[in-house]
Amino acid sequence: MVKVRVWGSLAEFTEGQTEVEIKADTLRELLDGLAGEYPGLRPQLERGISVAIDGRVYNDSWFTPISEESEVVLLRRLKGG
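Identification of the chain as ThiS family protein from Roseovarius gaetbuli is taken from an unreviewed UniProt entry.

(A) Highlighting the nonpolar core. Ranked by internal contacts, the top residues of the largest apolar core, which has 23 residues, are Leu-30, Leu-34, Val-51 and Leu-74. For this core, the secondary-structure elements that each account for two or more residues are strand S1 (2-6), strand S2 (19-22), helix H1 (27-37), strand S3 (49-53) and strand S5 (72-76). The residues contacting Val-51, other than those within four sequence positions of it, are Leu-27, Leu-30, Leu-31, Arg-56, Val-57, Tyr-58, Val-72, Val-73 and Leu-74.

(B) Spatial organisation of the pairing of S3. Taking burial as the measure, the five residues of S3 include five buried ones, the bulk of the element. Going residue by residue along S3, you find Ile-49, Val-51 and Ile-53 tucked away on one face and Ser-50 and Ala-52 tucked away on the opposite face as well. Bridging between S3 and S5 involves five bridges; their strand directions are antiparallel. Of the residues in S5, the one forming a bridge with Ser-50 is Leu-75. Bridge count for S3 against strand S4 (residues 56-58) is three bridges, and the pairing is antiparallel. What sits directly across from Ile-53, in S4, is Arg-56. The hairpin turn running from S3 into S4, its antiparallel successor, is two residues long, and Asp-54 in that turn takes a positive phi close to 50°.

(C) Seen up close, the pattern of salt bridges. Scanning the model with the defined rule gives two salt bridges in all. Across the pair Glu-71 and Arg-5 runs a salt bridge whose closest N-O atoms are separated by 3.9 Å. Of this pair, Glu-71 sits in the loop between S4 and S5 while Arg-5 sits in strand S1; the two residues are 66 residues apart in sequence, bridging distant segments of the chain. Overall, the relative accessible area of 45% leaves Glu-71 in the partly exposed class. Put simply, Arg-28 and Asp-32 hold a salt bridge, and the shortest N to O gap is 3.2 Å. With Arg-28 and Asp-32 both in helix H1, this residue pair falls four residues apart, about one helical turn. Take Arg-28: its relative accessible area is 31%, and that puts it in the partly exposed class.

Conventions adopted
Every chain is numbered on its own, with residues counted from 1 as its sequence reads. Only residues with pLDDT of at least 70 get local features here, since the model is predicted, and only at 80 or more are side-chain atom pairs given and counted; chain-wide, interface and lining totals rely on the full set of residues. Side-chain numbers come from the whole structure's heavy atoms, not from hydrogens or water. Among the buried residues, those of types Ala, Val, Leu, Ile, Met, Phe, Trp, Tyr and Cys that are joined through side-chain atoms within 4.5 Å form a nonpolar core. Remark: exposure states derive from per-residue accessible area (1.4 Å probe, protein chains only) relative to the maximum for the residue type, with buried under 20%, exposed over 50%, and partly exposed in between. For the purposes of this entry, the term helix denotes a DSSP run of H or I that reaches at least four residues, the term strand denotes a run of E that reaches at least two, and both are numbered from the N terminus. Here, residues are in contact when the closest pair of their heavy atoms is within 4.5 Å. Here, a strand pair is defined by DSSP locating no fewer than two bridges between the strands. In the sections that follow, a salt bridge refers to a side-chain nitrogen of Lys or Arg positioned within 4 Å of a carboxyl oxygen of Asp or Glu.

This is the structure:
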């Protein structure tokens, strides 16, 4: 199981939990698991979110590996200008 910190207002879609556990080996599996476990989060995931894994931010790198020891943070999509 991967521990995921849910940042800011995204926690309202995980029943107020700021940390959840999801079974996943890749970023895609993590997002699918989150959508399955927390259906209210699905629209946010479909709009696009950012995921920080061990300090590096990913937006669409679906096959990025995740281990149980990884530090994972779910964020609203980070956009640059």
